[in-house]
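What follows is the residue order along each chain.
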Amino acid sequence: MVVAVLILILSTAMVFFYFQAACERILRREFDREYFTSIVNANRLEFPSIRRAVVDYSAPIEYSRFRMMLKCDYLALTYLLKNAGNEARRYSKEDRLLMLCFRLTVFSLSLRHLFRVGERKAILRMTSILEHFGNVIGRRVNLAKLGDLSASDYLLTLD
Amino acid sequence: MYILGIPGSVLLGYADYGSAAVLLLYLLYRVFLGRASGLRGMTAYMLASVVSGTPLMWASLHYGPRSPQYAVSYWAVSLIIVFAAFLLIGSFFRRACSDGVHPIWRYVRLMLVLVFVLTGAVSYLAFSLRHAHFFPYFVIEFHQDLYFVCLVLTTMLYLLLQHFESADDQLGLLVCGLGLGYAGPAASLALYRVAGGSALYGEAAGYLIPLCEIAMVSIWFYAAARVPKPVSATEARRAREVMPVQALARI
């Protein structure tokens, strides 16, 4: 019985560990430039300011406010992910995996807040998932905007 | 839970088999195009998994999931799959050691052989103390031990990748998928055992195991389709050696 309990604890921890590691590896994928800034500005998203507050200014964690802001950004971005420049109008496997990761991180943030441990880390992970979504949408919009244009066509549109 | 008169766990099992078949088709397509660098081990594993799963599906439909014929084919197929997984982990270890160039590969290879022989010996000892019949008890014992060994080896492989600070994101994702595919079922079965074999937890395990396997297949699919394998030093050197010869041949 002791061995079974030990295996249960270790393997459950490993499930979460591998899941998180897989998500982090997907998030580490680099984009050729920061596409998310235009999406953030156009939709007045707040996750970059939350990240700045947490990383640069070491501001105290305002749990309920930050959580609400991040969840609102998540709703906006997932809507755009499905509907903006997406002919199939459905999420990709990668999107779904990261959406699940975001929800699990929201749950983990509630637990961390309850026990007052590592809230900052969970918030930063949430902002990096949102940034990835922003980059995906931004790149897609960029491709849709410039997809059929050659370099000279593009220059002509600047008049 | 029943959907169209079929238990939900059985439907999930079919979905698991279907997703594995789709991944196999994709990998075979890549092999056909000659763009399967670093994916051959995974293709062989998926081929073993899907091909050996076919008689299991047939036994389930023909004899029913509670028949002894199904039980025998289940354990035989599981043993083939775990054995294939052991070989796959070996190929991942080789890839992690710069395609066998790193000096540590010699020790890793020796360790893998020793671990396999030891697992077989321990399973045989544990089996011979309790049972008189070879099959299926030895198969079950050996399967469980090898399964646990694969889980431990996957974790060691992950730690090795961290230690080498590997830039091979594709391999990292493949290992994460494998870890998820092993840790999930191990946790489900341990929960079932801790709960004293309760039917409720047994049913939960019936849902969780195919779900974890579908997650593994999805991560592998993503890694194969979207994350390129970085060119290793050996491949680059080989390309440099081959190029002038090909150029001369054209002349």
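As the structure is a computational prediction, the values presented were derived from the model and not from experiment.

**Things to note about the nonpolar core**
Reasoning step 1: In this structure, A:Phe133, B:Tyr45, B:Met46, B:Phe93 and B:Trp220 are the most contacted members of the largest nonpolar core, which totals 96 residues.
Reasoning step 2: Looking at this core element by element, the count peaks at eleven residues for helix H5 (residues 137-164) of chain B.
Reasoning step 3: Ignoring anything within four residues of it in the chain, the contact list for A:Phe133 reads A:Tyr74, A:Leu77, A:Thr78, A:Leu81, A:Asp95, A:Leu98 and A:Met99.

**A look at the interface of chain B and chain A**
Reasoning step 1: The partner chain A presents 21 residues to the 25 residues of chain B that form the contact.
Reasoning step 2: When chain B packs against chain A, the two sides together hide about 2100 Å² of surface, and 71% of this comes from carbon and sulfur.
Reasoning step 3: Contact with chain A buries surface across chain B, with B:Tyr158, B:Val194 and B:Tyr222 losing the most and accounting together for 23% of the total.
Reasoning step 4: Our count for the chain B to chain A interface comes out at one salt bridge.
Reasoning step 5: Taking the shortest distance from any N to any O, the salt bridge between B:Asp169 and A:Arg25 comes out at 3.2 Å.
Reasoning step 6: Connecting chain B to chain A are two residue pairs in polar contact (both at pLDDT 80 or more).
Reasoning step 7: Mapped onto the side of chain B that touches chain A, the elements with two or more residues apiece are H5, helix H6 (169-194) and helix H7 (199-226) of chain B.
Reasoning step 8: Of the residues forming the side of chain B that touches chain A, the biggest block, 15 residues, is contributed by H6(B).

**Remarks on the packing of aromatic side chains**
Reasoning step 1: Applying the stated criterion to the full structure yields ten aromatic pairs over all chains.
Reasoning step 2: Consider the rings of A:Phe17 and B:Tyr158, whose centres lie 5.1 Å apart with planes at 80°: the pair is edge-to-face. Of this pair, A:Phe17 sits in helix H1 (residues 2-27) while B:Tyr158 sits in helix H5, which puts the two residues in different chains.
Reasoning step 3: Classification of A:Phe17 by relative accessible area gives partly exposed; the value is 39%.
Reasoning step 4: Taking the relative accessible area as the measure of exposure, B:Tyr158 reaches 9% and is therefore buried.
Reasoning step 5: Every member of this aromatic cluster is reached through a ring pair, and the members are A:Phe17, A:Tyr18 and B:Tyr158.

**Details of unusual backbone geometry**
Reasoning step 1: Phi is positive for A:Arg44, which is not a glycine, with a value near 50°.
Reasoning step 2: As for its position among the elements, A:Arg44 is in the loop between helix H2 (36-43) and helix H3 (47-55).

Rules of the game
- Residues numbered from 1 in each chain as written.
- Chains lettered and ligands numbered in written order.
- Predicted model: local features only at pLDDT ≥ 70, side-chain atom pairs only at ≥ 80, totals over all residues.
- Heavy atoms only, no water.
- Core = buried A, V, L, I, M, F, W, Y, C linked by side-chain atoms within 4.5 Å.
- Buried < 20%, exposed > 50% of the residue type's maximum accessible area, 1.4 Å probe, protein only.
- Helix = DSSP H or I, 4+ residues; strand = E, 2+ residues; numbered from the N terminus.
- Contact = heavy atoms within 4.5 Å.
- Buried area = accessible area lost by both parts, 1.4 Å probe.
- Salt bridge = Lys/Arg side-chain N within 4 Å of Asp/Glu carboxyl O.
- Polar contact = N/O pair within 3.5 Å; in protein donor to acceptor, adjacent residues only side chain to side chain.
- Phe/Tyr/Trp six-rings, centres within 6.5 Å; stacked < 30°, edge-to-face > 60°.

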